[in-house]
Amino acid sequence: MKESRKKELKMKARKICDGVQWMGFVDWNRRLFDSLIPLPDGTSYNAYLVRGAEKTALVDAVDPAVTDALLGQLADAGRVDFVIAQHAEQDHSGAIPAVLAMHPQAVVLCTPKAKPLLMDHLDIPEARIRTVADGEELALGGKTLRFVHTPWVHWPETMCTWLAEDRILFSCDFFGSHLATTDLYAGDNPAVCEAAKRYYAEIMMPFRAVIRENVKKVRALQPRLIAPSHGPVFDRPECILSAYEDWISDRVSNLVVIPYISMHGSTEAMVRHLVSALAERGVKVQAFDLSVADIGKLAMALVDAATVVIGTPTVHVGPHPSVFSATHLANALRPKLKFAAVIGSYGWGTKAVEQISALIPNLKVEVLGALMCKGRPREDTFAALDALADTIRDKHAGLGG
Ligand code: FEO
């Protein structure tokens, strides 16, 4: 390990309130998650130590790459009796085996669905795992933890943990944000909500319907603090709760998202014309050139958009591979889009529209048209794009911004 990395790992635990400490690691330098998701602002892996008069629990751990940071913080913290694994994905659970080695008496607490995942992914012995039911409580002595099962945020096994005396909800990925900062609390910093929206778009959006029930559960608790395992703690939870309620609602905005790519300029010319035509008609547009676009920003735009227009040139009869990839991703994210169209170009023949259509079975959209231009776009193509803009304007009538 590089010397600079060792120094970076020495961040100290921070007090949240009596008996509750933040632990973990702020990762300023990570730029990619899952070898897929851009992290323009880094991230953090938050763990929380809850110390009662009789027992102590660690809520979540950290990514295995920064295990030493957590072990260094725990070295000064005394005995740990319970490790609460709210989510089995390795960026939170990866350091659990090392914590268990450090505390041979500690027991892992998790949902029944998390138990086999922890055994499969981390080789944690079955004897060291105890499952907890939804609503079950754990008394630590003056600190009472209640387990709140919240499936599909964003794996099937996820849960939150409620610290009753201090009204703190530990929420793991739920309400999280990929944001490296020394701010322990979000306050009213809009950058945190923006980062949380990006995070929601990238991993939570496919499970919007189930998340509604989970948000209701959290609302009913009336938390004072929401402490996720990525990004700052929400000390004004209304902000993130109302943002989530908006994102998971059925409301769409008067917004067209245009992911596209161009090889020789024809598709680009069509996209530019359509953007202008839509703007003239009072329709908002976000266009993403997929050769340079941040796919996280594309995902964020899809949270609210009513319409997607996919722009592609033709490569070997089908869509450009970058468009193929982005379309596959959009289908997986299951945004609440209502309308779709395909535009683009080809040299001598194309089946791009048919292939794109086959890629989006999850999108329950009304198809507003397909317009593939042979060679350079000319007046008839631009007229057809104006007609498409008219249709979109009419379909968006009554939608808010
Ligand atoms: Fe932050 Fe799903 O792990």
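Criteria and thresholds
- Residues numbered from 1 in each chain as written.
- Predicted model: local features only at pLDDT ≥ 70, side-chain atom pairs only at ≥ 80, totals over all residues.
- Heavy atoms only, no water.
- Salt bridge = Lys/Arg side-chain N within 4 Å of Asp/Glu carboxyl O.
- Helix = DSSP H or I, 4+ residues; strand = E, 2+ residues; numbered from the N terminus.
- Buried < 20%, exposed > 50% of the residue type's maximum accessible area, 1.4 Å probe, protein only.
- Pairing = 2+ DSSP bridges.
- Lys, Arg positive; Asp, Glu negative; His and termini not counted.
- Polar contact = N/O pair within 3.5 Å; in protein donor to acceptor, adjacent residues only side chain to side chain.
- Contact = heavy atoms within 4.5 Å.

Visitor: Help me understand the pattern of salt bridges in this model?
Guide: One side chain can pair with another of opposite charge once the charged atoms of both are near each other. Scanning the entire structure with this criterion turns up 23 salt bridges. One salt bridge in this structure joins arginine 198 and glutamate 202, with 3.7 Å as the shortest N-O distance. With a gap of four residues between them, arginine 198 and glutamate 202 both fall in helix 6 (residues 190-204), about one helical turn apart. We classify glutamate 202 as buried; its relative accessible area is 12%.

Visitor: For this particular structure, what's the right way to read the pairing of strand 13 (residues 168-172)?
Guide: Of all five residues in strand 13, five are buried; the element is thus mostly enclosed. Across three bridges, the pairing between strand 12 (residues 159-163) and strand 13 is antiparallel. Paired with tryptophan 162 across the two strands is leucine 169, which belongs to strand 13. Sheet topology places strand 13 next to strand 14 (residues 225-228); four bridges connect them, and they run parallel. In the sheet register, isoleucine 168 faces strand 14, and the bridge partner there is leucine 225.

Visitor: Would you mind showing me how to read the side chain of arginine 128 here?
Guide: By the secondary structure assignment, arginine 128 is in the loop between helix 5 (114-122) and strand 9 (129-131). Buried and without a salt bridge, arginine 128 has aspartate 81 as its closest oppositely charged side chain, separated by 10.0 Å. Of note is the side chain of arginine 128, whose polar atom sits 3.1 Å from the backbone oxygen of proline 104. Beyond its immediate sequence surroundings of up to four residues, arginine 128 is in contact with Leu100, His103, Pro104, Gln105, Ala106, Val107 and Val108.

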